[in-house]
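The lines below spell out each chain.
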Amino acid sequence: MKKFVVPAVVDVILVMVFCAIGRRSHEEANAIAGLASTAWPFLGGLIAGWVAALRLHADPVGLYPFGVSVWFGAVAGGMVLRVIGGQGTAFSFIIVASIVLAIFLLGWRAIAALVLRRRMAGKGAA
């Protein structure tokens, strides 16, 4: 169970950071309520991505297939929920959200993989 908690918390934090950056870049007011309004579709999509990824029985820190499933869920699910919630989904926003969420949700997993690989290589050399 513990192996899922930290990656899930990291993903939630990064989605919240993505939403906060977006709101800040557009100088939107109503900080807390606005952040919640912006974040809920992406958090819903993130949850859907996690549910799908858990069915794969893969490592939650793994880039593929777990990370890709989580990223796709956050983007696709987030966009669908934004439409349902009456929020905008301009093509340029979809592109930016896809790229930033890929950097966030896949990037930390890629860094973790490099760190773990180096640790393992260091143990093998000792």
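Residues numbered from 1 in each chain as written. Predicted model: local features only at pLDDT ≥ 70, side-chain atom pairs only at ≥ 80, totals over all residues. Heavy atoms only, no water.

J.: I would appreciate a short explanation of helix α2 (residues 31-54) in the present structure.
T.: In an α-helix, one turn spans 3.6 residues, which is why side chains three or four residues apart end up on the same side. Under the 1.5 Å per step criterion, the end-to-end length of α2 is 33 Å for 24 residues, consistent within 8% with the ideal 34 Å. A maximum bend of about 40° is found in α2 at Ala39, where proline Pro41 lies one to four positions downstream. Along α2, the positions that sit buried rather than exposed are Gly34, Leu35, Thr38, Ala39, Pro41, Phe42, Gly45, Leu46, Gly49, Trp50 and Ala53. (Helix = DSSP H or I, 4+ residues; strand = E, 2+ residues; numbered from the N terminus. Expected span 1.5 Å × (residues − 1). Bend = angle between axes of the 7 residues up to and from the residue. Buried < 20%, exposed > 50% of the residue type's maximum accessible area, 1.4 Å probe, protein only.)

J.: I tried to follow the packing of aromatic side chains on my own but got confused; where do I start?
T.: Describing an aromatic ring pair means giving the distance of the ring centres and the angle of the ring planes. With the rule as written, the count across this model stands at three aromatic pairs. Between the aromatic rings of Phe18 and Phe42, the centroid separation amounts to 5.2 Å while the plane-to-plane angle is 85°, which identifies the pairing as edge-to-face. Taken together, the residues Phe18 in helix α1 (residues 2-25) and Phe42 in helix α2 connect sequence positions 24 residues apart. For the pair shown, Phe18 and Phe42 are each scored as buried. Centre to centre, the rings of Trp50 and Phe66 are 4.8 Å apart; their planes meet at 80°, and the pair counts as edge-to-face. Note that Trp50 is positioned in helix α2 and Phe66 in helix α3 (residues 63-84), a separation of 16 residues in sequence. (Phe/Tyr/Trp six-rings, centres within 6.5 Å; stacked < 30°, edge-to-face > 60°.)

Bear in mind that shape data such as this cannot, by itself, settle questions of function.
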